[in-house]
Every structure is written in structure tokens, then in C-alpha cells.
Amino acid sequence: MPFNLLVLACLAYVAFLFTVAFVADRRAEAGTLPWLSSPLVYTLSLSVYCTAWTFYGAVGYAARSGLEFVTIYLGPTLVFIGWWVVLRKLVRIAKTQRVTSIADLISSRYGKSSLLGVVVTLICVTAATPYIALQLQSVALSFSVFASDTPDGWHLPDRDTTALWVAGGLALFTILFGTRNLDANEQHHGVVTAIAVEAVVKLVALVAVGVFVVWIVADGPADIVTRIDASRLAGWELVPGRWAGLIFLSAAAILTLPRMFQVLVVENADERHLSTASWAFPLYLAAMSLFVVPIAVVGLEVLPDGSNPDLFVLTLPLALDQGGLAMLAFLGGFSSATSMVIVAAIALATMVSNHVVMPLILAFGERKGTEPGDLRRVVLLARRLSIAGVMALGYGYYTLTGGSGALAATGLIAFVGVAQILPAMLGALFWRGATRTGAMLGLGTGFGLWLYTLYLPSFGQGAVIAAHVFEGGLFGLGWLRPEALFGISGMDPLLHALFWSLAVNTLLFVGGSLLTFPSPMERLQGARFVQAFDQSGPAPGWSRGQAEPEDLLVMAQRILGEDVALAFFQANARAQGKDGYLPDITPAFMNDLERRLSGSIGAAAAHAMIAQIAGGASVSVEDLMAVANETAQIMEYSARLEAQQDELTRTARQLREANDKLTQLSVQKDAFLSQISHELRTPMTSIRAFSEIMMDEDVPPELCARYAGIIHDEAIRLTRLLDDLLDLSVLESGTVQLTLRTASLRDMLDRALQAAGSTRPERDFALHRDGQAEQVTVSSDIDRLTQVFINIISNARKYCDAEAPALRIVVRRKGDQVQVDFIDNGSGIPKPSQALIFEKFARLTDSAKAGGAGLGLAICREIMQNLGGSIAYLPGQGGAAFRVVFPATLVLPIGGPA
Amino acid sequence: MKPPRQPVFVAPPIYRSRRLRDAARFVPVLGAVLMLLPMLWAPEPDGARSTARDGIYVFAIWAGLIVATRLLSTRLDEDTPGSGPDED
């Protein structure tokens with residue numbers, strides 16, 4: 001197999017991946033990428049879990065330890081089968097809180113703490129170094145296989161150079177496709193598509209080698225079983241601690257590995273893809289694991305003793321002259337290594353730029369040069385440098401550890417490192433009592449213990465930790481030996497590190513959380529995270545600060561770029577119904593802005609930047625209330641409904657009363673009209689009748705005169721009635737013209753008595769007056785007032801039924817009110833009728849005898865009302881008595897009488 | 001006014017969907033137990049375990065879990081939109 005052909009194939013493959021990523025990015029920007037929303041691509045991208053460790057290292061692991069290799073895939077299987085419990089919540093929270101990395105998740109949950117973000121980033125970067133080194137090692141190894149005739153060809157220095165070239169190439173690819181722009185969601189569609197393609201290549205390659213081994217080299221599955229039983233691998237040792245511990249560890253790793261978080265959570269486009277991935281991803285894992293043991297067994301048979309089992313996947317086809325298959329296997333291995341490195345580098349670079357670089361920039365205040373977009377450039381530069389830095393660290397670890405360890409063992413070191421994040425993460429998702437202090441303590445001690453018991457010893461005794469420490473413990477304390485803490489020796493080093501680091505981590509996390517009190521922000525975020533499924537939407541997190549929209553716009557332009565920021569602000573302004581580019585600073589807008597910015601620079605940094613401008617993000621009472629239970633909202637709503645109902649009932653009742661009154665008035669009006677027509681018709685009938693008679697020829701003159709007299713009387717009566725009606729209507733409508741005059745009450749009474757004297761002149765009334773009291777000067781409408789007196793006295797003359805009729809007139813002065821009583825000695829007016837007599841057309845006795853229309857007292861009442869006084873019946877005086885009260889001096893209001 | 005209480009008796013479809021979710025929570029536990037079961041088997045008298053037999057066991061359980069999850073996920077997909085409160 002010519003080496004140059006190999007290199008050419010590699011470069012062609014990389015170019016192919018470039019093209020795929022490029023096209024996918026373009027299509028995604030244009031929005032025409034239908035298969036990006038397919039759950040298949042999502043599931044394939046998850047395969048980035050299977051790195052060169054799986055492709056090469058699994059066979060080596062199987063050859064050394066039997067079936068134990070399968071634990072690395074059983075853990076993730078269980079996590080995905082149980083997606084409903086953990087993964088679903090994780091994805092939901094990340095979507096609603098716009099989480100961009102695992103450090104972002106932890107930092108955001110525990111009160112948007114920048115410090116926690118830094119710690120988690122540090123853990124992830126440190127744990128990634130062995131992992132990246134392992135990929136470089138495997139690629140270098142696979143190159144070396146082809147470079148010489150013997151399976152373990154090149155000597156180390158050349159291998160190191162290969163690894164350097166590979167590291168450099170990968171860094172370049174990642175920078176080119178991972179950091180082209182800042183996506184608000186931190187999604188990299190081109191990269192995800194390229195990863196999916198690589199997943200297919202990986203699977204096809206491994207399965208091809210497997211199929212080759214099972215059906216071509218051996219004679220089918222039954223033969224394989226026989227071969228297994230006959231080989232060195234017939235019996236294997238299940239170490240219970242390792243079996244359970246590694247299943248647990250791999251389950252923890254699938255949740256906490258930065259690259260897994262990136263493809264699983266951040267790049268997730270649709271929550272429903274999870275349900276497909278829940279069975280499809282375990283299926284992928286099973287397919288990748290299925291042929292591992294057969295390949296190992298056949299490799300042990302065919303290849304000479306002492307060959308590196310890690311490379312069986314390559315060396316077996318080569319040994320059996322299958323050049324094409326070997327090439328395919330090589331590309332598969334290459335794919336698995338490169339996909340891991342690319343995604344991991346992107347994830348780590350995002351974390352470093354959002355949680356380390358941005359806070360540093362903020363801490364040092366505003367930079368010089370405020371052209372729009374310069375902050376974006378800084379962020380992108382930070383990311384590129386981080387990618388290069390991470391690759392350099394990985395390469396450094398590779399050279400320091402000599403690149404000779406078993407691939408699987410190196411990978412497990414990284415697993416234990418990231419597993420330290422697990423307690424804090426599970427607490428973030430499920431426990432409202434988890435606090436920042438607890439998380440800090442747990443993460444810190446877990447990280448430290450991991451470093452001491454596993455990471456640093458991996459460099460070899462004496463490299464970082466002095467050899468004597470391994471024997472005698474730290475500071476000579478025996479119970480602080482890196483591989484035998486607290487005197488528990490004889491434990492497998494991996495399990496030992498796993499146990500101690502996680503146990504102390506969890507203990508301090510739980511203890512710290514229970515003993516400390518969280519800040520309001522922590523509690524708010526805690527409720528939002530843990531109750532992610534109950535909430536209909538996130539509540540606004542900003543109380544109205546003193547931010548100027550222009551300041552916010554300037555800041556947003558620096559981060560999002562001028563066009564994007566302006567478009568965002570304009571859209572918000574329009575949503576608020578405003579023209580122009582500056583919306584009002586409402587909590588909803590600030591919240592939206594924070595979310596948008598956190599897509600680019602991380603939640604903690606976005607929060608801090610807005611806080612700088614808005615002058616503090618206090619958690620207001622409204623925030624806390626908004627997070628409260630739905631029950632409280634329901635109660636409030638129903639109380640409001642009750643109040644509305646009460647109001648409606650009241651309104652209905654008022655409407656009913658008004659309707660009743662209107663109906664009554666209508667009835668009264670009808671009665672009035674019928675009465676009038678009756679009253680008018682009666683005299684008219686007489687007039688017509690008698691004038692008809694008089695039109696006859698033979699009517700004697702004395703009858704004519706009499707009839708003419710009757711007609712005359714009736715006409716007068718009619719006229720008087722019409723006058724009264726007109727008067728009444730004028731008085732009632734309040735348009736009466738009052739003429740003010742001054743006169744003495746005595747004179748008025750004299751005149752009234754004289755005028756009324758023509759009523760029933762034959763009756764002789766005895767008059768009782770008090771001359772002294774009547775010396776009152778009245779300034780009012782004298783004629784109207786006198787008219788009232790005339791009416792009353794006439795009534796007395798008409799209706800008083802005593803034998804010797806007498807009329808008493810009593811005058812009293814009360815302040816500026818004058819009170820005149822007219823009391824006769826008749827039988828008075830019975831109680832039921834006392835209110836009735838003031839109504840129109842009300843007559844208590846036979847109308848003919850009364851001689852009037854019954855309007856007199858009604859007119860009196862209206863007049864008195866217009867003069868600012870009153871008239872009323874006075875009971876208990878022995879006869880009919882009327883009291884007239886009026887002000888001595890009438891004050892007319894401007895604009896006419898009241 | 002007292003807060004609205006969870007009804008004791010719910011309609012059969014809601015009951016079914018809640019039991020479906022319970023099944024989704026139970027299957028991983030079952031899977032974990034089954035996968036850890038090999039720890040309990042006593043090895044052969046000569047102290048070695050059969051790779052072939054254990055291998056077949058592991059992959060058989062694996063396939064079974066995948067099929068069970070496939071069935072559950074399909075049912076959950078149809079079920080999820082708007083089917084009442086999430087948690088019991």
C-alpha cells in the first residue's frame with residue numbers, strides 16, 4: 001500500500017468533508033436544508049461519542065479484558081432509553097434558557113455565576129487533553145501501520161511529527177468551519193452535517209471489517225462462537241466493581257462530555273428528535289460493538305503475537321491482502337478521530353470565550369475603539385485562539401505521556417474528569433435546594449481529587465508528582481497516597497479515583513447546598529430550571545432599570561454587528577407600536593435582548609453587560625410572583641371573575657329599576673293625556689250642543705240669552721283650563737319667567753282674599769288674621785305667590801263643609817323663610833288623599849260641584865318649587881290646613897329659575 | 001377559595017398516557033438491572049466465564065431494550081401533544 005496514495009486519499013476525504021460542510025452551511029443560511037431537521041442527522045451526529053477509542057481501542061480492550069469494553073456503550077444506552085427522565089428535561093431547559101454549553105448550564109442555574117462558569121470550563125479543558133491526545137495517537141498509529149512493512153513501523157519521533165501535522169490540520173479545519181460567524185444559538189449546521197457523514201463512514205467501515213471477518217474469514221456466526229471458545233478470549237473475568245463502575249461512568253460521561261452536550265443539546269433543532277434518538281442511537285452503538293469480539297478473536301489467531309491489538313481493525317485486512325478494506329478502515333478511523341476533535345474543540349472554544357475571555361474583557365472596562373462589531377471580532381478571535389490552544393494542549397499531553405498507553409485507559413481518565421460535573425448538573429435539573437456554594441465546593445474538590453489521584457499520576461511516577469509521594473503519601477501522610485487514599489489500597493486505580501472523587505464531590509455538594517442560603521437570582525433560576533415543564537414561559541427577569549435605549553443599542557452593535565442589532569431593535573420597536581429604531585425599555589425587551597446576546601457571548605456575560613448599563617438586575621417582587629405556582633394565578637383569575645359577576649348583577653338591577661320607572665312615567669303620561677282630552681271635551685260638548693240649538697230658527701229670545709250665557713261660561717271654563725295647563729307646563733319645564741317685585745305680605749293676602757271672594761260668594765267666612773305678623777316685606781314674584789294664596793283660599797271656600805266656616809291665616813317668620821298657614825274648620829282631607837291632592841286632575845269630590853279641573857294645587861306646587869319654597873298639607877289642625885313656605889327674598893340663580 | 005385539586009378519577013385516555021410515561025421511566029431501570037445481572041452469576045468452577053455466552057446475553061438484552069424503546073417512543077410521540085398535566 002503506497003504511502004503517498006494513503007495521504008492523497010486522506011486529503012481527498014478532508015476536501016470532501018469541507019465541501020459537505022460548506023454546502024450545508026450555505027443551505028442552512030438560505031433556510032433550504034430539509035434534512036437538517038431530520039432526526040436521522042441528529043442521531044448520526046450523536047455518534048461523535050464513538051471516537052478512535054471505539055474504532056480502534058475497543059478491539060484492543062476486548063483482546064485484553066474480554067467483554068468489559070461493552071460497558072462504555074451500555075451506560076449511554078441506558079441514558080438514552082431513559083430519555084424521558086433526564087435528557088428531555090435537559091434539552092427543554094437548554095432551549096428555554098438559551099444555554100450554549102455545559103459551563104453555561106451550570107453557571108446559569110446557580111445564579112448566573114461567572115466563577116462557576118470558569119471552574120467548569122477549566123475542568124472540561126483539562127479533561128479534554130487526554131482525550132484529544134488519544135485521537136492524535138490513534139491517527140499517528142494508523143499512519144505508521146501503512147508506512148512500513150511491519151505492523152509497528154515508524155519509530156516515535158516520526159510518529160510525533162505525524163501527530164503534529166494532524167493536530168495542525170484539524171485545528172485549521174475547525175477554525176474554518178466552527179468560527180465563521182457567531183450564531184445566536186451557537187449552532188454550526190455545516191459541522192453537524194459533516195459529522196453525520198463521518199458517522200456513516202465510521203459505521204460502514206467497522207461493519208465492513210466485521211462482516212469480512214465473520215463471513216469471509218470465518219464461516220458465519222456459529223463458527224465465530226466456536227473460535228471464541230477456542231481462543232484466548234474464551235473466558236474473561238468480570239470484575240463487578242469495574243463492570244458496574246464503568247457502566248455508571250460512561251452514563252455520566254454521555255451527559256457531561258462537552259462535545260456530547262454540544263451535539264445533544266445545543267445543536268438540537270427539535271425536541272422530538274430525542275424520541276427517535278432514544279432507540280436509534282443505542283442501535284448505532286450496538287452495531288458498532290457487535291463485531292468487536294469477532295475481530296479481536298480472529299486477529300489474535302491470524303496476527304503474530306505481540307502485535308498491538310488496538311490496530312487489529314487495520315492490520316487484519318492488511319495481513320489478509322485486503323488493501324481496499326484496509327483503506328476503508330483507515331478512513332473510518334480517521335473519521336472517528338477527526339469528528340471528535342472538531343466538535344470537542346468547538347465546544348471548548350465556546351466555553352473559553354464565553355466564560356473566561358468575555359468576563360475578563362468586562363472586568364477591564366471598555367476597550368478603545370468603538371466601531372460596530374469590534375467586540376464580535378474579539379470573541380471570534382478568542383475562539384480561534386482557544387481552538388489552537390486546546391489542540392496544543394492535547395498534543396502536549398500526547399508527547400508528555402509518550403503516546404504509548406492503551407487507548408482505552410487514556411479515555412477513561414478523561415471520563416472520570418468530566419464526571420465531576422454530574423452531581424452539580426443533576427442538582428441543577430432536579431433539586432431546587434442546590435446552591436452555588438454547594439456546587440463550587442463539590443466541583444472544586446472533585447476536580448482536585450481527580451487531578452491528584454488519576455490525571456497527574458498518568459504522566460508517570462516522578463513526572464509531576466514525585467515518586468516518593470506515591471509510596472509515602474503527600475507530606476509523608478500515608479493516608480494521602482494518590483492511589484490509596486485513606487489507606488484503602490489494592491483498589492483498581494481508576495475505580496479508586498472514581499469513587500473518591502465522586503463521593504467527596506457529592507457529599508460536599510449536598511452538604512454545602514443544605515447549609516447555605518441561595519441568593520434571589522439562584523432561587524429564581526432554580527425554580528425556572530426545576531419547573532421547566534410546568535411553566536408556560538419564562539418570566540421577565542429585569543426590573544425597570546435606568547437604561548437608555550441608545551446605550552443598549554451601542555452595546556448590542558458591538559456584539560451582534562450593526563445590521564443585526566439594528567434589525568433586532570427595530571423589530572422590537574415595531575412590536576411595541578413605535579416607529580424608528582429605539583423601543584421602550586420594558587422588562588420584556590431587556591429579557592429578549594439578554595437572550596439574544598447570550599447566544600453570542602454566553603448567558604453570564606450577557607447578563608453582566610446589561611446589568612452594567614441598566615444599573616442592576618434586582619429580582620423584583622414581580623419576578624418572584626411570576627414564578628409562583630399556577631394555582632395562585634388561577635385563584636386570582638377566579639376572584640376577578642367573581643367581581644365582574646357582582647358588577648354585572650348590580651348593573652342588571654339598576655337597569656331593571658330604570659325600566660320600571662320609565663314604564664311608570666309612560667303610564668302616567670298616558671293617564672294625563674286621557675284626562676286632558678276628557679276635560680277639554682266636556683265643555684266643548686256643551687258649547688257645540690247649545691250653539692247648535694241656537695242655530696235653530698224658532699228659539700225664544702230668553703232661552704237664547706240663557707244658552708248664550710251657558711256657552712260663554714263653558715268657554716271661560718275651557719279658557720281657564722287651557723291657561724292652567726299652559727301655566728303648569730311652563731312651570732314644570734322650568735322656563736317660566738319670574739318677575740321680581742317687592743310687596744308687603746299683608747297687601748298680598750288682602751288682594752288674595754278679595755279675588756277669592758268671588759268663589760262661592762254666598763258663603764260667609766269668618767276670617768282670623770294676625771295683622772302684626774303679616775308685616776313682612778316679600779321680594780319675589782308677587783303675582784305668582786298671590787295666585788297660590790288665591791288658589792288655597794278658593795279651595796277653602798269651595799270645600800270647607802263646616803256650619804259656620806272660618807278661615808285662619810297664621811304667619812310666622814323663621815330666619816329668612818316665611819311660613820303662611822291657611823287653616824279652615826272643615827272636616828279636613830283624609831290621610832290617604834293627602835298626597836293625592838297635589839297631583840294633576842285630582843279632585844276629591846264630584847267634579848261638577850268643584851267647578852275646576854283639579855289643577856289648582858298642582859300649579860301651586862310647581863310655583864312654590866320655582867320660587868324656592870314649598871306647599872304642603874298640614875295634618876292635625878282640626879280642618880284642612882295648608883302651609884306655604886317661601887324665602888322672603890328670592891335669589892334668582894343666573895340663567896333662570898331652578 | 002381553595003386551589004383546584006388534582007382529580008382522583010381521570011378519563012381512561014389520560015390514565016393510559018400517564019401509565020405510558022411511567023413505562024418510559026421504568027424501562028431504563030429494568031435495563032440497568034438486567035445489565036448488572038451478570039455480576040450475580042457465579043462463574044464456572046474453573047473461575048472463567050464464557051465470553052460467547054455472556055456476549056450473546058448482553059447483545060440479546062441490548063436488542064430487546066432497543067425494541068422496547070422504539071415501541072414506547074412511537075407511542076409517546078403520538079401521545080404527547082396536549083394530553084394533560086405532565087407529572088402525576
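Residues numbered from 1 in each chain as written. Chains lettered and ligands numbered in written order. Predicted model: local features only at pLDDT ≥ 70, side-chain atom pairs only at ≥ 80, totals over all residues. Heavy atoms only, no water.

Student: Quick question: what am I supposed to make of the environment of Ile247 of chain A here?
Tutor: If you trace the backbone, Ile247 of chain A turns up in helix 11 (residues 240-256). As for Ile247 of chain A and Glu68 of chain A, which are separated by 179 residues in sequence, their C-alpha atoms are 9.6 Å apart. In contact with Ile247 of chain A, not counting residues within four places along its chain, are Thr71, Leu74, Gly75, Leu78 and Arg242 of chain A together with Met35 and Leu36 of chain B. (Helix = DSSP H or I, 4+ residues; strand = E, 2+ residues; numbered from the N terminus. Contact = heavy atoms within 4.5 Å.)

Student: Please explain the interface of chain A and chain B as it appears in this structure.
Tutor: Note: interface size is frequently given as the accessible area lost on complex formation between the parts. Counting residues at the interface gives 39 residues for chain A, matched by 34 residues for chain B. When the buried area of chain A at its contact with chain B is split by residue, Ile81, Trp84 and Trp279 of chain A rank highest and sum to 22% of it. Seen at the junction of chain A and chain B, the total is zero salt bridges. Here chain A is connected to chain B by six residue pairs in polar contact (both at pLDDT 80 or more). (Buried area = accessible area lost by both parts, 1.4 Å probe. Salt bridge = Lys/Arg side-chain N within 4 Å of Asp/Glu carboxyl O. Polar contact = N/O pair within 3.5 Å; in protein donor to acceptor, adjacent residues only side chain to side chain.)

Student: Can you walk me through a nonpolar patch on the surface in this structure?
Tutor: Judged by side-chain polarity, Phe26, Val29, Leu30 and Val33 of chain B come together as a nonpolar surface patch covering roughly 360 Å² of accessible area. For Phe26 of chain B, the position within the fold is in helix 1 (residues 12-36). (Patch = residues over 30% accessible without salt bridge, like charges linked within 9 Å, V, L, I, M, F, W, Y side chains within 5 Å. Areas by Shrake-Rupley, 256 points an atom, 1.4 Å probe, with all protein chains shown as cover.)

Student: What is the right way to read the pairing of strand 8 (residues 817-824) of chain A from this model?
Tutor: A regular strand carries its side chains on alternate faces of the sheet. Residue and element names in this part refer to chain A. By the criterion of burial, strand 8 is predominantly enclosed, with seven of the eight residues buried. In the sheet, strand 7 (residues 806-814) pairs with strand 8 via eight bridges, with the strands oriented antiparallel. Among the inter-strand pairings, Leu807 is bridged to a residue of strand 8, identified as Asp824. Where strand 7 folds back on strand 8, the antiparallel hairpin that results is connected by two residues, among which Gly815 adopts a positive phi of roughly 65°. (Buried < 20%, exposed > 50% of the residue type's maximum accessible area, 1.4 Å probe, protein only. Pairing = 2+ DSSP bridges.)

Student: What should I look at first to understand the sheet that holds strand 7 of chain A in this one?
Tutor: Across a sheet, paired strands are connected by hydrogen bonds in the backbone, their directions being either parallel or antiparallel. Residues and elements named next belong to chain A. Taking strand neighbours across the sheet as the criterion, the five strands line up as 5-7-8-10-9 in an open arrangement whose pairing is mixed. Strands with a single pairing partner mark the edges of an open sheet, and in this sheet they are strand 5 (766-769) and strand 9 (870-873). Here the average twist between neighbouring strands, direction ignored, is 15°. In terms of strand pairing, strand 5 meets strand 7 through four bridges, oriented parallel. Within the sheet, the bridge partner assigned to His768 lies in strand 7 and is Arg808. Helix 34 (residues 856-866) rests against strand 9 and strand 10 (881-887) of the sheet, and its axis sits at about 140° to strand 9. (Axes fitted to C-alpha atoms, helices over the stretch in contact; angles between N-to-C directions.)

Student: For this particular structure, what's the right way to read the packing of aromatic side chains?
Tutor: For any pair of aromatic rings, geometry is given as the distance between the ring centres together with the angle between the planes. Summed over all chains, the structure comprises 28 aromatic pairs over all chains. Ring geometry for Phe789 of chain A against Phe822 of chain A: centres 5.5 Å apart, planes inclined by 50°, an arrangement best described as tilted. Residue Phe789 of chain A is located in helix 32 (residues 782-799), and its partner Phe822 of chain A is located in strand 8; the two are separated by 33 residues in the primary sequence. With a relative accessible area of 0%, Phe789 of chain A lands in the buried category. Among the aromatic residues, those joined into a cluster by ring pairs are Tyr49, Trp53, Tyr73, Tyr131 and Phe415 of chain A. Its guanidinium or amino end placed over the ring of Phe533 of chain A, Arg88 of chain A lies 4.2 Å from that ring's centre, counting from NZ or CZ. One cation-aromatic arrangement involves Arg70 of chain B over Trp279 of chain A; the distance from NZ or CZ to the ring centre is 4.4 Å. (Phe/Tyr/Trp six-rings, centres within 6.5 Å; stacked < 30°, edge-to-face > 60°. Lys NZ or Arg CZ within 6 Å of the ring centre and 35° of its normal.)

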